[in-house]
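Understanding the architecture of this molecule
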There are 2 protein chains.
Amino acid sequence: MLSKNQQKTLKALATKKERRLTGQFLVQGEKNVLELLNSSLELVSLFVTETFADKHFKFLATRPIHIVNEEELSKVSSITSNNAAIAIVKQPVFELGEMSGVVLALDDVNDPGNLGTIIRLADWYGIEHLVLSQQTADVYNPKTISATMGAFTRVKTYRTDLKAFLNKQSKPIWGAFLDGQSIHDCSAPTDMIIVLGNESHGISKEISELVTDKITIPKYGQSESLNVAMATGIILDNVRRTQS
Amino acid sequence: MLSKNQQKTLKALATKKERRLTGQFLVQGEKNVLELLNSSLELVSLFVTETFADKHFKFLATRPIHIVNEEELSKVSSITSNNAAIAIVKQPVFELGEMSGVVLALDDVNDPGNLGTIIRLADWYGIEHLVLSQQTADVYNPKTISATMGAFTRVKTYRTDLKAFLNKQSKPIWGAFLDGQSIHDCSAPTDMIIVLGNESHGISKEISELVTDKITIPKYGQSESLNVAMATGIILDNVRRTQS
């Protein structure tokens, strides 16, 4: 049974303001909660249905769990069709330091779903670090977490002044544009940064001045553009293909 | 001003039943309606706001247009935030015949958004023909049309018995699996079929028996899977890269 206070807390954490105030966020749904329980992220509290508890009791032994019924759980969920579990989790804090390998950087990617898909892709392609401009969507938005399909537990994100960050780098900085060099003709270095831009405006002027290599995904037909998450997937595949 | 009957017709075409009964579908939003007006698809009627009509009058000269206000238009729209235009359009019928080049085939892709994204990708990669199993989502679902970003005017789709269709083919049939050969090690032929499967179950057993080459997108990290539309984009990019 959820108390009025618990209901209020869960509802409030769907808002950015409350997430910022508390430094906490929600993880919802069976797949994402299981990934959470297998990670080192710090659990504040966990609300699960009896079905979920029975199925996954071995992960729950020492956890601060509350059993609730499906109807209660659905009511407080901020994603569609969650009838399994909701967790309140402490937001991890990562310090920007030396980063080797491929680093992904997002210049004002606005849509939480796109951000979540990009985190899932980073995880597929073995990319550990994701640097976000101040205006990029919130990693801890329920839609973002949901779209990561568990990858939020593995990819480290850093929200920072992207211009200042890129200014300090000496490695190649690739940027995705509609008029760059074909990615099919590029060979990716081991250490590099790849910048993707905003859904409507692409990479901003001040960031584009810091890009060392303008790349593009070659087009064989007529669509005007690709979605930014799709472009990220195709670029990362080309990068890994030419590195190996 | 929209009559009660016009409102009813527009609302009804958001349902599969009505689309099947009438052989018509809706195209909504500025971008998709403009692409429609630049295509040879047969317009039944067109409802536009005055703003849209003023901005695009040169495309509207001889069209059967009705001017409506934004509020009315929003009310009958089945996609979010449409304040520009809605068209009723006749569904084109394409006859399955000889198809050269790369043909894409979908084995029960369920989600209309995924289908729309795949149509957009097919258009980007210059693929003209998309063969759909009977259980694949409806091309004329408003969510599908919306996600194509205009590509529905260029890519030809064929709904058919996929098994019977593949049985008749003599060209290579590639299928995307989690345990196939790395797509980075494959060279794509000029004439071929690529099969993508259902979001949860992948390619069905009976279709997988007809696949001549099992391929996979190599994974460098830990995500369990990629979304089917994402996988389509990455595979098509590899195909075009190795054909050229």
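Cut-offs and rules
Along each chain, numbering runs from 1 in the same order as the chain's sequence is written. Labels follow written order: the first chain is A, the first ligand is 1, and so on. Whole-chain, interface and lining totals are the exception, using all residues; otherwise, since this is a predicted model, local features are given only for residues with pLDDT of at least 70 and side-chain atom pairs are given and counted only at 80 or more. Here the side-chain values reflect all heavy atoms present in the structure, with hydrogen atoms and water set aside. UniProt positions are given in the numbering used here, feature names are shortened, and annotations may be inferred rather than shown by experiment. Only residues with pLDDT of at least 70 in both copies count here: their C-alpha atoms drive the least-squares fit that superposes the copies. Contact between two residues is taken to exist if any of their heavy atoms lie within 4.5 Å; hydrogens are not considered. What counts as a helix is a DSSP run of H or I of at least four residues, what counts as a strand is a run of E of at least two, and both are numbered from the N terminus. Accessible area is worked out with a 1.4 Å probe on protein chains only. A residue is then buried under 20% of its type maximum, exposed over 50%, and partly exposed in between. Residues adjacent in sequence count toward polar contacts only when both atoms are side-chain atoms; beyond that, a polar contact is any pair of N or O atoms within 3.5 Å, and within protein one must be able to donate a hydrogen and the other to accept it. Using a 1 Å grid laid over the protein atoms alone, points where a 1.4 Å probe fits but cannot get out form a cavity; open sets with protein on both sides within 12 Å along at least 5 of 7 lines form a pocket; any residue with an atom within 4 Å of a point counts as lining. Grid points are joined across faces, edges and corners, and a volume is the space filled by probe spheres set on the points. Polar here means any residue outside two lists: the nonpolar Ala, Val, Leu, Ile, Met, Phe, Trp, Tyr, Cys and Pro, and the charged Asp, Glu, Lys and Arg; Gly therefore counts as polar. Once two parts are joined, some of their accessible surface, as seen by a 1.4 Å probe, is lost; buried area is that loss totalled over both. Salt bridge criterion: a side-chain nitrogen from Lys or Arg within 4 Å of a carboxyl oxygen from Asp or Glu. By definition, two strands form a pair when at least two bridges between them are found by DSSP. Only C-alpha atoms enter the line fits that serve as axes; for helices the fit covers just the stretch in contact. Angles between N-to-C directions range over 0 to 180 degrees.

As annotated in an unreviewed UniProt entry, chain A carries the name RNA methyltransferase and is attributed to Psychrosphaera ytuae. Of the comments in the UniProt record for chain A, the one headed Sequence similarities (unreviewed entry) reads "Belongs to the class IV-like SAM-binding methyltransferase superfamily. RNA methyltransferase TrmH family."

One copy of the chain maps onto the other through a rotation about an axis followed by a shift along the same axis. Relative to chain B, chain A is turned by 180° and slid 0.0 Å along the rotation axis, the superposed coordinates differing by an RMSD of 0.0 Å. Such values leave the two copies arranged in the relation of a two-fold axis. Using C-alpha coordinates, one finds that chain A approaches the rotation axis most closely at Ile234 of chain A, a distance of 2.6 Å. Comparing contact sets, 100% of the residues at the interface of chain A also lie at the interface in chain B, consistent with an isologous, same-surface contact.

We now examine the environment of Lys156 of chain A. As for its position among the elements, Lys156 of chain A is in strand 7 (residues 156-159). For the pair Lys156 of chain A and Glu206 of chain A, spaced 50 residues apart in the sequence, the C-alpha separation amounts to 25 Å.

On to the side chain of Thr232 of chain B, then. Residue and element names in this part refer to chain B. Structurally, the position occupied by Thr232 is in helix 11 (residues 228-243). Under the relative-accessibility criterion, Thr232 is labelled buried at 1%. Looking at Thr232, its side chain comes within polar contact range of the main-chain oxygen of Val228, at 2.8 Å. Excluding anything up to four places from it in sequence, Thr232 contacts Leu104, Ile118, Leu121 and Leu196.

Quick look at empty space enclosed by the protein now. Scanning all chains against the criterion turns up two cavities of 30 Å³ or more. A volume near 40 Å³ is recorded for the largest cavity. Residue lining of the largest cavity: Thr117, Arg120 and Leu121 of chain A together with Leu226, Asn227 and Met230 of chain B, and that is the complete set. In terms of residues, the lining of the largest cavity owes the most to one element, helix 7 (residues 112-124) of chain A, which gives three residues. A per-class count over the lining of the largest cavity returns three nonpolar, two polar and one charged. Taken together, Leu226, Asn227 and Met230 of chain A together with Thr117, Arg120 and Leu121 of chain B form the lining of the second largest cavity. A per-element tally of the lining of the second largest cavity places helix 7 (residues 112-124) of chain B first, with three residues. When grouped by side-chain class, the residues that make up the lining of the second largest cavity number three nonpolar, two polar and one charged.

The next thing to look at is the interface of chain A and chain B. The partner chain B presents 35 residues to the 35 residues of chain A that form the contact. When residues of chain A are sorted by the area they lose upon contact with chain B, Trp124, Tyr220 and Arg241 of chain A head the list and together hold 27% of the total. At the junction of chain A with chain B, the criterion picks out two salt bridges. Between Glu224 of chain A and Lys31 of chain B there is a salt bridge, with its nearest N and O atoms 3.0 Å apart. Applying the counting criterion to the chain A and chain B interface returns 22 residue pairs in polar contact (both at pLDDT 80 or more). When residues of the side of chain A that touches chain B are traced back to their parent elements, those giving at least two are helix 3 (30-37), helix 7 and helix 11 (228-243) of chain A. Among the elements that take part in the side of chain A that touches chain B, helix 11 of chain A stands out by supplying nine residues, more than any other. Counted by class, the side of chain A that touches chain B contains 13 nonpolar, twelve polar and ten charged residues.

Remark on secondary structure: sheet strands pair via backbone hydrogen bonds, oriented parallel or antiparallel. Residues and elements named next belong to chain B. Pairing within the open sheet is mixed, and its four strands lie in the order 1-4-2-3. The open sheet terminates on both sides in strands that have one partner only, identified here as strand 1 (24-28) and strand 3 (65-67). Across the sheet, the axes of successive neighbouring strands diverge by a mean angle of 15°, strand direction being ignored. Bridging between strand 2 (residues 43-48) and strand 4 (residues 85-90) involves five bridges; their strand directions are antiparallel. Bridge pairing in strand 4 links Leu43 to Val89. Packing of helix 1 (residues 4-12) onto the sheet brings it into contact with strand 1, strand 2, strand 3 and strand 4, and relative to strand 4 it is tilted by some 70°.

All names here are of chain A. Here three bridges tie strand 8 (residues 173-182) to strand 9 (residues 192-196), and the two strands are oriented parallel to one another. Looking at the pairing, Gly175 lines up with Val195 of strand 9. Two elements, strand 8 and strand 10 (residues 213-216), share five bridges in a ladder whose sense is parallel. Residue Gln181 lies in a different strand from strand 10, and its bridge partner there is Ile215.

This structure, assessed with the given rule, holds 20 salt bridges over all chains. As a salt-bridge pair, Lys163 of chain B and Glu206 of chain B come within 3.7 Å of each other at their nearest N and O atoms. Of this pair, Lys163 of chain B sits in helix 9 (residues 162-167) while Glu206 of chain B sits in helix 10 (residues 205-208), and the two are 43 residues apart along the sequence. Among the ionic contacts, a cluster of salt bridges with common partners joins Lys31, Glu35, Asp123 and Arg154 of chain A together with Glu224 of chain B.

Residues and elements named next belong to chain A. For Asp108, which is not glycine, the phi torsion reads 65° and is therefore positive. In this structure Asp108 comes out as partly exposed when scored by relative accessible area, which is 25%. Here the phi dihedral of Met149 falls at roughly 50°; this positive angle occurs in a residue that is not glycine. If you trace the backbone, Met149 turns up in the loop between helix 8 (142-148) and strand 7. Accessibility expressed as a relative area gives 35% for Met149, which makes it partly exposed.

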